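Observations on chain architecture
What follows is the residue order along each chain.
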Amino acid sequence: MKKNLKIKTQNSKVKTNKNWLFKVVFILFGFCVFYIIGKDLYYSAFFQKKERINVVSSEEQIGIYSLGLSDNVNYFTTLYPDLEATIPGGYGYYRLGALPKLANLEKKQDLFKKTYSMLTSSFIDFYFYPKAAIGETEIYFGKEQKGFFLPRFFLIFFGKSNALFFDRLYLYLNFLGKTKGQFKLITHLPTEKRSDRTVFSSKKFFDVFQGTFYKKTYRDEQRNVQIVYTKSDTTAKFLGQIIEGEGIRVVDITQSDKELTNCKVIEDKIKFTDTAKSVSNFFACDLVSGQTGPYNIIFKLGKVEEEWEVE
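What counts as what
Residues numbered from 1 in each chain as written. Predicted model: local features only at pLDDT ≥ 70, side-chain atom pairs only at ≥ 80, totals over all residues. Heavy atoms only, no water. Salt bridge = Lys/Arg side-chain N within 4 Å of Asp/Glu carboxyl O. Helix = DSSP H or I, 4+ residues; strand = E, 2+ residues; numbered from the N terminus. Buried < 20%, exposed > 50% of the residue type's maximum accessible area, 1.4 Å probe, protein only. pLDDT = per-residue confidence, 0-100. Contact = heavy atoms within 4.5 Å. Pairing = 2+ DSSP bridges. Phe/Tyr/Trp six-rings, centres within 6.5 Å; stacked < 30°, edge-to-face > 60°. Lys NZ or Arg CZ within 6 Å of the ring centre and 35° of its normal.

Applying the stated criterion to the full structure yields 15 salt bridges. A salt bridge links Asp125 to Lys50; the nearest nitrogen and oxygen atoms lie 2.7 Å apart. Residue Asp125 is located in the loop between helix H4 (111-120) and strand E6 (126-129), and its partner Lys50 is located in the loop between helix H2 (45-48) and strand E1 (52-58); the two are separated by 75 residues in the primary sequence. Of the residues examined, Asp125 reaches a relative accessible area of 14% and is grouped as buried. A relative accessible area of 37% places Lys50 in the partly exposed class. Of the charged contacts in the structure, one is a salt bridge between Asp82 and Lys143, with a shortest N-O distance of 3.5 Å. Linking Asp82 in the loop between strand E3 (74-79) and strand E4 (84-87) with Lys143 in the loop between E6 and helix H5 (153-158), this pair joins segments that are 61 residues apart in sequence. For Asp82, a relative accessible area of 17% gives the class buried. A residue is classified by how much of its surface remains accessible, and Lys143, at 67% relative accessible area, is exposed.

In structure tokens:
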């Protein structure tokens, strides 16, 4: 009798231990899920409080949207697949309709962010393009610039993108119900002919539309920037256009013979401004406080110069 009782007690303890272990694992799993969701939500567009978000939708037609979240002034322009543009990273001129293939082959999805940031002289926040079947890549063709359209629901939620789930949800809610009349349309495409090819001119776009997508925050902070490069004056100037297009003043572009592996954004403040933080975040550079001489911010390109190289 005592033996049976002892066995039952041991079984009861084993069962209790298993239940306890299951509860601990369940709690830890729930905590991890909550942490991941909470982190994604915190860093999503819901909480970033951006005054303007720039979005690219790339399918049969390419739509570029600039959503004014604080002033309700929205912009839209469309490009066509056969239009060629300079692809940062040393790829030369490439058809925009074939950019998804290039991004997939090179395993560099951020070519979308870099290419369209270069084209529009602005910080592109999010991009979307369709997922293709395994082993295949969508390539689009077309020579016509079409009219206004909004990104498809399926593309926003299921397309390839740098947007997290909460970013996708936030963008969908911002596009929901919007009409053509709520956008200022940019219909003129600055292009130039190179042999039998039509090439988008980033320089002409910058000259005509500089300041269109600017952020008031950067204008108000009035920070000036020096860009320091080591090899390519052309690349440095294009990066300067992107920064100036955001409303940040670039006052000097200079060459240095000192190689720098990591890019750095140096500001003459201990408490960094939104301007410095934005440049650092967009180009994925170290943000440090230090002496900057006559400038407010020094942007040392380092690896950025190669990653954004243009011919």
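From this point, things continue past the structure.
Turning our eyes to something else, we now look at the confidence of the model for the chain. Mean pLDDT for the chain: 85, with 83% of residues reaching 70 or above. Mean pLDDT across the secondary structure elements of the chain bottoms out at helix H1 (residues 2-42), with 50, and peaks at strand E15 (residues 297-300), with 97. Of the regions scoring below 50 in pLDDT, residues 29-44 engages in 11 contacts with residues more than four places distant in sequence or in other chains.

What follows deals with the environment of Lys131. Mapped onto the elements of the fold, Lys131 is located in the loop between E6 and H5. Remark: the alpha-carbon pair of Lys131 and Lys160, spanning 29 residues in sequence, is separated by 5.7 Å. Those residues in contact with Lys131, other than ones at most four positions away along the chain, are Phe158, Gly159 and Lys160.

Note: strand E9 (residues 191-194) against strand E10 (residues 197-200), four bridges, orientation antiparallel. The partner of Thr191 across the bridge, within E10, is Phe200. Between E9 and E10, which pair antiparallel in sequence order, lie two residues; one of them, Ser195, sits at a positive phi of approximately 60°.

Time to look at the sheet that holds strand E7 (residues 160-161). Strand order across the open sheet formed by six strands is E7-E6-E1-E2-E3-E8, with mixed pairing between neighbours. Sheet topology places E7 and strand E8 (183-185) at the edges, where each strand pairs with a single neighbour. Across five bridges, strand E2 (residues 62-68) lies against E3 in antiparallel orientation. When the sheet's bridge partners are listed, Ile62 is paired in E3 with Leu79.

Tallied over the full model, the rule gives 24 aromatic pairs. When the centroid spacing of 5.6 Å and the interplanar angle of 85° are considered together, the rings of Phe76 and Phe149 count as edge-to-face. Of this pair, Phe76 sits in strand E3 while Phe149 sits in the loop between E6 and H5, placing them 73 residues apart in sequence. Relative to Phe299, the ring of Phe283 lies with its centre 5.1 Å away and its plane at 40°, an arrangement referred to as tilted. With a gap of 16 residues between them, Phe283 in helix H10 (residues 274-283) and Phe299 in strand E15 connect regions that are remote in the sequence. Grouping residues by exposure puts Phe283 and Phe299 together as buried. Lying over the aromatic face of Phe282, Lys113 brings its terminal NZ or CZ to 4.7 Å of the ring centre.

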